[in-house]
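Tertiary structure, described
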Amino acid sequence: MADMFEHTPEVWTAAKLRDALSGLPDETPIHIGVADGPGDFAGYGEFVLVNAEPVELDPADDDTAPAGPEVQFTLFADAKAGAYHLDLD
(Lines give C-alpha, C1' and ligand atoms only; values in the text may rest on other atoms or scores of the structure.)
Protein backbone atom coordinates (compact mmCIF):
# COMPACT_ATOMS: atom_id res chain seq x y z
CA MET A 1 0.00 0.00 0.00
CA ALA A 2 1.33 3.45 -0.91
CA ASP A 3 2.26 5.90 1.81
CA MET A 4 -0.34 8.63 2.30
CA PHE A 5 0.30 12.24 3.23
CA GLU A 6 -1.88 15.28 3.78
CA HIS A 7 -1.33 17.98 1.16
CA THR A 8 -2.43 21.46 2.27
CA PRO A 9 -1.01 24.09 -0.09
CA GLU A 10 -1.49 27.77 0.66
CA VAL A 11 -4.11 28.96 -1.81
CA TRP A 12 -3.32 32.51 -2.84
CA THR A 13 -5.86 35.29 -2.54
CA ALA A 14 -6.30 38.13 -5.03
CA ALA A 15 -4.49 40.42 -2.57
CA LYS A 16 -1.45 38.11 -2.42
CA LEU A 17 -1.33 37.89 -6.23
CA ARG A 18 -1.61 41.68 -6.60
CA ASP A 19 1.21 42.09 -4.09
CA ALA A 20 3.42 39.61 -5.98
CA LEU A 21 2.75 41.43 -9.27
CA SER A 22 3.31 44.94 -7.93
CA GLY A 23 6.27 46.62 -9.55
CA LEU A 24 6.28 44.40 -12.65
CA PRO A 25 6.01 46.19 -16.00
CA ASP A 26 2.56 45.81 -17.58
CA GLU A 27 3.96 43.89 -20.58
CA THR A 28 5.55 41.16 -18.41
CA PRO A 29 4.22 37.73 -19.52
CA ILE A 30 3.00 35.44 -16.75
CA HIS A 31 4.30 31.85 -16.78
CA ILE A 32 2.77 29.15 -14.60
CA GLY A 33 4.71 26.14 -13.31
CA VAL A 34 2.37 23.17 -12.75
CA ALA A 35 3.58 20.56 -10.28
CA ASP A 36 4.04 16.95 -11.44
CA GLY A 37 2.33 15.83 -8.24
CA PRO A 38 1.26 17.35 -4.93
CA GLY A 39 4.09 19.72 -3.92
CA ASP A 40 6.50 18.30 -6.55
CA PHE A 41 7.90 21.18 -8.61
CA ALA A 42 11.17 19.38 -9.49
CA GLY A 43 9.85 18.41 -12.93
CA TYR A 44 7.09 21.01 -13.29
CA GLY A 45 5.33 21.72 -16.58
CA GLU A 46 5.63 25.30 -17.81
CA PHE A 47 2.53 27.03 -19.15
CA VAL A 48 1.51 30.62 -19.92
CA LEU A 49 -1.46 32.52 -18.55
CA VAL A 50 -4.07 33.01 -21.29
CA ASN A 51 -7.27 34.00 -19.45
CA ALA A 52 -8.79 34.74 -16.06
CA GLU A 53 -12.47 34.81 -15.18
CA PRO A 54 -15.01 33.82 -12.55
CA VAL A 55 -16.14 30.21 -12.95
CA GLU A 56 -19.40 28.88 -11.54
CA LEU A 57 -19.09 25.44 -9.95
CA ASP A 58 -21.91 23.02 -9.24
CA PRO A 59 -22.67 22.79 -5.53
CA ALA A 60 -21.49 19.65 -3.76
CA ASP A 61 -24.01 16.85 -3.41
CA ASP A 62 -24.06 16.92 0.37
CA ASP A 63 -25.78 18.80 3.17
CA THR A 64 -22.68 20.88 4.03
CA ALA A 65 -22.63 22.76 0.70
CA PRO A 66 -23.91 26.34 0.70
CA ALA A 67 -27.16 26.97 -1.16
CA GLY A 68 -26.67 27.88 -4.82
CA PRO A 69 -23.64 27.63 -7.05
CA GLU A 70 -20.13 28.50 -5.86
CA VAL A 71 -18.13 31.01 -7.91
CA GLN A 72 -14.34 31.03 -7.88
CA PHE A 73 -11.90 33.13 -9.87
CA THR A 74 -9.86 30.87 -12.16
CA LEU A 75 -6.62 31.49 -14.09
CA PHE A 76 -6.41 29.52 -17.33
CA ALA A 77 -3.06 28.32 -18.68
CA ASP A 78 -2.03 26.94 -22.07
CA ALA A 79 1.17 25.50 -23.54
CA LYS A 80 3.94 27.99 -24.33
CA ALA A 81 4.24 29.25 -27.91
CA GLY A 82 6.15 26.83 -30.10
CA ALA A 83 5.83 24.01 -32.63
CA TYR A 84 4.01 20.90 -31.42
CA HIS A 85 3.01 17.53 -32.90
CA LEU A 86 -0.73 17.37 -33.60
CA ASP A 87 -2.43 15.12 -31.04
CA LEU A 88 -4.90 13.01 -33.02
CA ASP A 89 -6.21 10.98 -30.05
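Residues numbered from 1 in each chain as written. Predicted model: local features only at pLDDT ≥ 70, side-chain atom pairs only at ≥ 80, totals over all residues. Heavy atoms only, no water.

1. Examining the sheet that holds strand β3 (residues 70-79)
Within the open sheet, the 3 strands sit side by side as β1-β2-β3. Their pairing is antiparallel. Unpaired on one side and paired on the other, β1 (31-34) and β3 mark the two borders of the sheet. Strand-to-strand twist of the sheet, defined as the mean angle between neighbouring strand axes without regard to direction, takes the value 55°. (Pairing = 2+ DSSP bridges. Helix = DSSP H or I, 4+ residues; strand = E, 2+ residues; numbered from the N terminus. Axes fitted to C-alpha atoms, helices over the stretch in contact; angles between N-to-C directions.)

2. Quick word on the environment of Val71
The topology assignment puts Val71 in strand β3. Classification of Val71 by relative accessible area gives exposed; the value is 52%. A sequence separation of 15 residues divides Val71 from Glu56, and the C-alpha atoms of the two residues are 4.4 Å apart. If we ignore the near neighbours within four places in the chain, the residues touching Val71 are Pro54, Val55 and Glu56. (Buried < 20%, exposed > 50% of the residue type's maximum accessible area, 1.4 Å probe, protein only. Contact = heavy atoms within 4.5 Å.)

3. Side note on the pairing of strand β2 (residues 45-57)
Across 4 bridges, the pairing between β1 and β2 is antiparallel. Across the sheet, Val34 pairs through a bridge with Gly45, a residue of β2. As defined by bridge partners, β2 adjoins β3 across 10 bridges and the pair is classed as antiparallel. Within β3, the residue paired with Val55 across the bridge is Gln72.

4. Examining a nonpolar patch on the surface
On the surface, a nonpolar cluster with roughly 690 Å² of combined accessible area is contributed by Trp12, Leu17, Leu21, Leu24, Ile30, Leu49, Phe73 and Leu75. Among the elements of the structure, α1 (14-21) and β3 are those that each provide at least two residues to the nonpolar patch. Within the element layout of this structure, Leu17 appears in helix α1. A relative accessible area of 32% means that Leu17 is categorised as partly exposed. (Patch = residues over 30% accessible without salt bridge, like charges linked within 9 Å, V, L, I, M, F, W, Y side chains within 5 Å. Areas by Shrake-Rupley, 256 points an atom, 1.4 Å probe, with all protein chains shown as cover. Salt bridge = Lys/Arg side-chain N within 4 Å of Asp/Glu carboxyl O.)

5. Some remarks on the confidence of the model for the protein
Mean pLDDT over the protein works out to 86, with 89% of the residues at or above the 70 mark. Of all the helices and strands in the protein, β3 carries the lowest mean pLDDT, 89, while α1 carries the highest, 93. (pLDDT = per-residue confidence, 0-100.)

6. Points about the pattern of salt bridges
Going through the model one piece at a time under the given rule, you end up with 2 salt bridges. Measuring nitrogen to oxygen at the nearest pair gives 2.8 Å for the salt bridge that ties Lys16 to Glu10. On the basis of relative accessibility, which here comes to 31%, the residue Lys16 falls in the partly exposed class. Judged by relative accessible area, Glu10 falls into the exposed class, the value being 57%. Between Lys80 and Glu46 there is a salt bridge, with its nearest N and O atoms 3.6 Å apart. With Lys80 in the segment after β3 and Glu46 in strand β2, the pair connects residues that are 34 residues apart, well separated along the chain. Using a relative accessible area of 33% as the deciding quantity, one classes Lys80 as partly exposed. Looking at Glu46, the relative accessible area reads 34%, which means it is partly exposed.

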